[in-house]
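Single-letter residue listing:
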Amino acid sequence: MSSPTDEIDDSSAPLIEHLAELRQRLIHSVVAFIVGMVICFTVATPVFNFLTAPLCKVLAERGQDCGLIFISPQEGFFVAIKVSLLGGLILSFPYIALQMWRFVAPGLYKSEKGAFLPFLIASPFMFLAGAAFAFYVVTPLAYDFFLGFQQFGTEGEAVTGDAAAPLSVVFQGSAQEYLNLTIKFIVAFGLCFQLPVLLTLMGKAGLVSAEGLGGVRKYAVVAILVLAALVTPPDVITQIILFVVVYGLYEVSIFLVARVEKKREERLRAEGYYDDEEAFDEDLAAADPDENAK
């Protein structure tokens, strides 16, 4: 039962007006994305150089020069486009989220607005936290692992004619392949860091409970292992890191959902909707079913 102040905002607009508003919001979002993409395209080279920092650090520790190559004439252009797409999305996301909020907010109760808005604000911060963790922690470890399989002329021999020459197999990476792998790390960890936001929001909506999440913990472990195998390269180190991080976020989500349930219970008790005696009887029956049967 809602209070007089907890009303949906006055809006009697017909369907066609809502569709027109949605169209306007989408156009504004697309324009903001294009503007962000153009801005990032003008600075694509410095941004790409920044993204190569983990690789350059690992190569420097091995006494190697940091250099990537283009294996096709158009590869440099597509590298700039991919950098622009990622950067444009990051730059324009706050404005796109604002447009989404302005479209959805009139159809929400004021209490629902107060519940949903913190999650909308927390989502980009959690994505940036996951992206930063991937860039500064995971990618250096992954590239150190991958580059450990190089050969520097003393571990084998290649026969050329009548003479035997030392075999040298060293890294000469494609700029596009490096960018693809780095973006995959950043996006994967950024999305995985959304887990507490998603589950807490679902808990606030009553779709999941802390007890239910704890009850399916063993299935969650299997699901997280499968996720780690799918979204990371086939090296054990990266998969273990992703598993540990996501499982830790799952446990944090259980704690946050439990807090949401506790606050909901306190609010219902304060409003007189929560019967302590009835709840006590239910807890007693659950704890001692044989006694309850008597």
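Quick notes on the rules
- Residues numbered from 1 in each chain as written.
- Predicted model: local features only at pLDDT ≥ 70, side-chain atom pairs only at ≥ 80, totals over all residues.
- Heavy atoms only, no water.
- Helix = DSSP H or I, 4+ residues; strand = E, 2+ residues; numbered from the N terminus.
- Buried < 20%, exposed > 50% of the residue type's maximum accessible area, 1.4 Å probe, protein only.
- Contact = heavy atoms within 4.5 Å.
- Areas by Shrake-Rupley, 256 points an atom, 1.4 Å probe, with all protein chains shown as cover.
- Core = buried A, V, L, I, M, F, W, Y, C linked by side-chain atoms within 4.5 Å.
- Patch = residues over 30% accessible without salt bridge, like charges linked within 9 Å, V, L, I, M, F, W, Y side chains within 5 Å.
- Salt bridge = Lys/Arg side-chain N within 4 Å of Asp/Glu carboxyl O.
- Disulfide = S-S within 2.5 Å.
- Axes fitted to C-alpha atoms, helices over the stretch in contact; angles between N-to-C directions.
- Parallel < 35°, antiparallel > 145°, perpendicular 65-115°, else oblique.
- Left-handed = near helix turned anticlockwise from the far one by under 90°.
- Nonpolar A, V, L, I, M, F, W, Y, C, P; charged D, E, K, R; others polar.
- UniProt positions renumbered as here; feature names shortened; annotations may be inferred.

Asks: For this particular structure, what's the right way to read the overall build of the chain?
Replies: Broken down by element type, the chain carries 12 helices and 4 strands. Buried residues in the chain amount to 30% of all 294 residues. The contacts of the chain with a sequence gap of at least 6 include a subset with a gap of at least 24, amounting to 78%. Summing over all exposed atoms, the chain offers an accessible surface of approximately 18300 Å²; the carbon and sulfur share of this is 66%.

Asks: Just to check I follow, could you spell out the nonpolar core for this structure?
Replies: It is characteristic of soluble globular proteins that their nonpolar side chains tend to be buried jointly. Of all hydrophobic cores here, the largest spans 22 residues; its most connected members are F185, F189, L213, L242 and Y250. Of all the elements, helix α10 (residues 236-271) adds the most residues to this core, at 8 residues. Setting aside its immediate chain neighbours within four residues, L213 contacts L199, V208, Y250, I254 and V257. By size, the runner-up hydrophobic cluster in this structure holds 19 residues, among which are L55, L59, A80 and V83.

Asks: Help me understand a nonpolar patch on the surface in this model?
Replies: A cluster of nonpolar side chains, contributed by L15, I16, L19, L22 and L26, occupies part of the molecular surface with about 490 Å² of accessible area. Note on placement: L19 falls in helix α1 (residues 15-42). Judged by its relative accessible area of 46%, L19 falls in the partly exposed class.

Asks: Explain the state of the cysteines here, please?
Replies: Under the definition given, this model contains 1 disulfide. A sulfur-sulfur distance of 1.9 Å marks the disulfide that ties C56 to C66. In this structure, the disulfide formed by C56 and C66 twists by about -55° around the S-S bond and is classed as left-handed. With C56 in helix α3 (residues 53-61) and C66 in the loop between α3 and β1 (68-69), this residue pair connects regions lying 10 residues apart in the sequence.

Asks: Quick question: what am I supposed to make of the packing of α1 against helix α4 (residues 75-104) here?
Replies: In a pair of packed helices, the angle between the axes and the distance between the axes together describe the arrangement. Running from N to C, α1 and α4 point in directions that differ by 150°, and their axes come no closer than 7 Å. If you check the angle between α1 and α4, you find them roughly antiparallel. Of the two possible hands of crossing, α1 and α4 adopt the one that is right-handed. Within the contact of α1 with α4, the residues separate by chemical class into 16 nonpolar, 9 polar and 3 charged.

Asks: Could you clarify how one ought to interpret the UniProt feature "transmembrane region" (unreviewed entry) in the chain in this entry?
Replies: UniProt's feature table lists "transmembrane region" (unreviewed entry) at residues 26-48, 77-98, 119-138, 181-203, 215-231 and 237-258, given in the numbering used throughout. Helix makes up 91% of residues 181-203 and strand 0%, and the two end C-alpha atoms of the span are 34 Å apart. As annotated, residues 237-258 has a helix share of 100% and a strand share of 0%, and its two end C-alpha atoms lie 32 Å apart.

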